[in-house]
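# Tertiary structure, described
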Amino acid sequence: MTEHWTREHAAERLRRPGAHDDKYRRGVLGLRTGSARYPGAAVLGASAAWRTGAGMVRYLPGHDEDPPYGLPAPAAAVLAAHPETVFGPGRCDAWVIGSGTDPAARSALEQSELLELLHGSAPVVVDAGALDLVPRPSADRAPLILTPHAGEFERLWERTMRAPLPREWVARPPADAEAGGNGAAARQEAARRLAERLDATLLLKGSLTLIASPGGRVLSCGPATPWLASAGTGDVLAGILGALVAARSAEVRDDRESLGPLGATAAVLHDAAARTASGDPAATAAGRPITAGDVAQAIPAAWRALV
Ligand SMILES: NC(=O)C1=CN([C@@H]2O[C@H](COP(=O)(O)OP(=O)(O)OC[C@H]3O[C@@H](n4cnc5c(N)ncnc54)[C@H](OP(=O)(O)O)[C@@H]3O)[C@@H](O)[C@H]2O)[C@@H](O)CC1
Ligand SMILES: Nc1ncnc2c1ncn2[C@@H]1O[C@H](COP(=O)(O)OP(=O)(O)O)[C@@H](O)[C@H]1O
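Everything numeric in this text was worked out from a predicted model, so none of it was measured. (Residues numbered from 1 in each chain as written. Chains lettered and ligands numbered in written order. Predicted model: local features only at pLDDT ≥ 70, side-chain atom pairs only at ≥ 80, totals over all residues. Heavy atoms only, no water.)

So, about the overall build of the protein. Scanning the protein from terminus to terminus reveals 12 helices and 10 strands. Relative to the 2.2 N^0.38 estimate, which gives 19 Å for 307 residues, the radius of gyration of the protein is 18 Å and therefore close to what a compact globule would have. Structurally, the protein occupies a C-alpha span of about 50 × 45 × 45 Å along its principal axes. Relative to its 307 residues, the protein shows a buried fraction of 54%. The contacts in the protein between residues at least 6 apart in sequence include a share of 69% that link residues at least 24 apart. One way to put it: in the protein the 32 positive side-chain charges average out to a point 3 Å from where the 34 negative ones average out. (Helix = DSSP H or I, 4+ residues; strand = E, 2+ residues; numbered from the N terminus. Rg over C-alpha atoms; globule rule 2.2 N^0.38 Å. Buried < 20%, exposed > 50% of the residue type's maximum accessible area, 1.4 Å probe, protein only. Contact = heavy atoms within 4.5 Å. Lys, Arg positive; Asp, Glu negative; His and termini not counted. Charge placed at Lys NZ, Arg CZ, Asp CG, Glu CD.)

Listed below in structure tokens is the structure:
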């Protein structure tokens, strides 16, 4: 049984600043994203986090090869797009790791620093190239929310369960499965089981995004506007989610189950921004093509329309 997460639910979880706030109280998000090959993912995540209301976004580059094709290093790309970003180590209320990184290119030093974050106290959004690092449940592990797409979900299942994903539980279902057909229940069950086994919150991306909490609660959002299905929109989602988690870091540390509603709120705001950007707020299949950057740009307007 899943609960549908509505715009009204999402509006309640969006934190508005008050007179006693400052940049630290609003939440400092640390980004360990992007790489020599994928500098754009770092820019998209930073852009989304700033526009979701982070008090500060701190960017920490990984230990990486030299960029190919004359590309700028990810830190230089982030600075060019967002000069308000702070670089280097310091206090962080939450982290996003993995977007725009490739585990095959990860150095031993990079791996040990990421594992340190995963065993820290600040909550961590684990995306893309960091999903293979998720440690077994333990008392010293950080509160985690994982954001796989269907292909990454399948790989995560195989690594965790040491068995193939059952055929009837395919993570990339035929169209009817996401939209409520027979496969939908199987997809929910797979997400629920994996979240329970990993003892972590799992946000399974798709037209219908599912958010399964380790305690067994499953929230669903969508169907999102299909204009969202383009490269880099997952990097934007990770930035949105990171900013929302940083703003409620203390609550998440007290109660890891609160990551579920935050994940669902991120998915609703992401979809709302895509609808705004595509000029089709009701997602009636009108609208126009958009880029991931357009989605990030539209977050403030979508926020205003939600609350
Ligand atoms: N601007 C930038 O810098 C950008 C950087 N990016 C970064 O690129 C990195 C690689 O990420 P990635 O997702 O492109 O590749 P990967 O993890 O190998 O998975 C792909 C495999 O999974 C499967 N698959 C099944 N279902 C699927 C689904 N729903 N969506 C997608 N795939 C699905 C599919 O298999 P198929 O079903 O096609 O046989 C395919 O073989 C990552 O770090 C990311 O952050 C991107 O965000 C783009 C913008
Ligand atoms: N058919 C679809 N309709 C609506 N949204 C979709 C559809 N397919 C994917 N999405 C959304 O687009 C985003 C794609 O993320 P992801 O697969 O990680 O891409 P990338 O790695 O290129 O950023 C996710 O938020 C997902 O929920």
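Once you've had a look at it, read on.
Looking now at the UniProt feature "binding site: AMP" (unreviewed entry) in the protein. The residues that UniProt annotates with the feature "binding site: AMP" (unreviewed entry) are Lys-205, Gly-206, Ser-207, Leu-208, Thr-209 and Gly-234. Annotated residues spanning 30 residues; largest pairwise C-alpha distance 13.7 Å, indicating a single compact cluster. Classification of Lys-205 by relative accessible area gives buried; the value is 16%. Not counting residues up to four positions away in its chain, the partners in contact with Lys-205 are Asp-127, Thr-147, Pro-148, His-149, Ala-150, Arg-187, Gly-234 and Leu-237. At 3.4 Å, the side chain of Lys-205 forms a polar contact with the side chain of Asp-127. Relative to the helices and strands, Leu-208 is located in the loop between β8 (201-204) and β9 (209-212). (UniProt positions renumbered as here; feature names shortened; annotations may be inferred. Polar contact = N/O pair within 3.5 Å; in protein donor to acceptor, adjacent residues only side chain to side chain.)

This part covers the UniProt feature "binding site: (6S)-NADPHX" (unreviewed entry) in the protein. In the numbering used here, UniProt assigns the feature "binding site: (6S)-NADPHX" (unreviewed entry) to Ala-41, Gly-100, His-149 and Asp-235. Position of Gly-100 relative to the elements: it lies in the loop between β5 (94-97) and α4 (108-118). When neighbours within four sequence positions are excluded, Gly-100 is seen to be in contact with Gly-34, Ser-35, Tyr-38, Ala-41, Ala-128 and Asp-235. Within the fold, His-149 resides in the loop between β7 (144-146) and α5 (150-161). Judged by its relative accessible area of 39%, His-149 falls in the partly exposed class. Sequence-distant contacts of His-149, that is, excluding residues within four places in its chain, are made with Leu-204 and Lys-205. Here the side chain of His-149 touches Gly-151 through a polar contact of 3.1 Å, landing on its backbone nitrogen.

Within the structure shown, the criterion is met by 2 aromatic pairs. Judged by centre distance (6.4 Å) and plane angle (35°), the ring pair of Phe-153 and Trp-157 falls under tilted. In this pair, Phe-153 and Trp-157 both sit in helix α5, 4 residues apart, roughly one turn of the helix. Of the two residues, Phe-153 and Trp-157, both sit in the buried class. (Phe/Tyr/Trp six-rings, centres within 6.5 Å; stacked < 30°, edge-to-face > 60°.)

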